[in-house]
Every structure is written in C-alpha cells, then in structure tokens.
Amino acid sequence: MSDPETSFDSAHFRQVMGHFPTGVTIITGMAGDTPAGFTIGSFTSVSLDPPLVGFLPQTTSDTWAAMAPSAKFCVNVLSAAQGAACWRFAKKGVDDRFADVTWHPGVTGSPILDEAIAWMDCEVEDVHTMGDHYFVLGRVLEMSHSADDPQPLLFYRGKLGGYSLHE
Ligand SMILES: Cc1cc2nc3c(=O)[nH]c(=O)nc-3n(C[C@H](O)[C@H](O)[C@H](O)COP(=O)(O)O)c2cc1C
C-alpha cells in the first residue's frame, strides 16, 4: 500500500476503484448534425425533485467537447446484449460508433438507443471542472425503461458481466 503523504499510485487507485461495480451507459448527443456518444460508467442520480442526474467525462474527451455546445444529452443504460457497443463507444478516434446500432431521436434530439434497457433525455443544468474530469449535471426531460425482464450490463474489475439475484 502506498503512503498518501509521499506518493500517489494512479494505477493502484484505478485498480482499487475497479472493485466498485457499475452499470454501463452510453451518453449520446448531437455534434452539430452528427450523432455522438461515449461509454460512461460514472453515471448517477442526483436529485428527485427537481429530477437531476450527472456523469463525469474526462476533460480530454473529444466526444464531450463535440456534444457540449448543444447543452443536451441522453443517458442510455446498456443491456447485457450491448457488450460490443460498450467497447466500441469507448474507443478513441472510431469514425462511426453508430454503425451497428439502431436509434431514434429523443425530445432533445439526442439519440435513444433502441436496445437500451432505460433512457433519460436531459438538458444540461451545470458543468463543473473536478480534477481531470467535468461533472455534468442534467435535468431529466423525458425517460422510459424497457417493459420486459431487462438484463443490465455490468462492469467490474475491468471486465463486463451480467446480473444475478442474490440467494
Ligand atoms: C465500462 C466503461 C466505463 C467508462 N466510464 C467512463 C467515465 O465515467 N468517464 C470517462 O471520461 N470515460 C469513461 N470511459 C472511457 C470513455 O468511454 C473513453 O475514454 C472515451 O469514449 C474516449 O473517446 P472520446 O475522446 O471520443 O470521448 C469508460 C469506458 C468503459 C469501457
């Protein structure tokens, strides 16, 4: 274990944080006329009334830089069947991340992925810089979830998996 007074081991920090399992989202938006999106695990609900949610993109994210001027985004919660999309939307410099996904525009114009198990279409309320990430706070304008037994995609210790009920 490293001494926080004298050094900070980023790789170790990443490894420790990897023990906290998360769901996986693709945050979508429009970069001008072009759909944009990236894989985000740092999604959280923030407030019930008003309905606020948030996520943390890296300050170096090309996708956030392209989407930010529209001040809108849609959170798509991925299903267990969307593992390939999770990796593709996380790869820097991929030309057409949307090549293999079907989607339709939400009320904000942001893409709603047809295979998502839940989605929240949002307008940006606030953006704060926090270290090497932004915290993006959004107000939920419209939302929905899948009707039948949805199976979420989960991320844990650098790998994807699925959900099973505790006995
Ligand atoms: C499961 C998973 C969760 C991720 N969560 C985040 C996140 O919360 N914040 C972030 O900035 N990047 C996250 N990433 C990495 C981004 O998807 C990736 O850095 C980004 O899409 C790179 O392309 P861009 O420069 O076009 O944004 C995650 C990647 C994966 C696979």
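Note that the structure is predicted; figures quoted are calculated from it, not measured. (Residues numbered from 1 in each chain as written. Predicted model: local features only at pLDDT ≥ 70, side-chain atom pairs only at ≥ 80, totals over all residues.)

S.K.: Sorry, what's going on with the site of the ligand here?
M.R.: Around the ligand sit 16 residues in total, of which Phe38, Gly41, Ser42, Ser61 and Ala90 are the nearest. Of all elements in the fold, only strand 3 (34–40) and helix 2 (62–67) reach the threshold of two or more residues within the shell around the ligand. Top contributing element to the shell around the ligand by residue count: strand 3, with 3 residues. When the residues that make up the shell around the ligand are grouped by side-chain class, the tally is 8 nonpolar, 6 polar and 2 charged. (Near = placed C-beta within 6 Å. Helix = DSSP H or I, 4+ residues; strand = E, 2+ residues; numbered from the N terminus. Nonpolar A, V, L, I, M, F, W, Y, C, P; charged D, E, K, R; others polar.)

S.K.: Sorry, what's going on with the sheet that holds strand 4 (residues 44–47) here?
M.R.: Adjacent strands of a sheet pair through backbone hydrogen bonds, lying either parallel or antiparallel. With antiparallel pairing, the 7 strands of this open sheet are ordered in space as 3-2-6-9-10-5-4. Of all the strands in the sheet, just strand 3 and strand 4 have a single pairing partner and so form its edges. Going across the sheet, the axis of each strand differs from the next one's by a mean of 35°, ignoring polarity. In this sheet, strand 6 (residues 72–77) lies alongside strand 2 (residues 25–31) in antiparallel orientation, the contact comprising 4 bridges. What sits directly across from Ile27, in strand 6, is Val75. (Pairing = 2+ DSSP bridges. Axes fitted to C-alpha atoms, helices over the stretch in contact; angles between N-to-C directions.)

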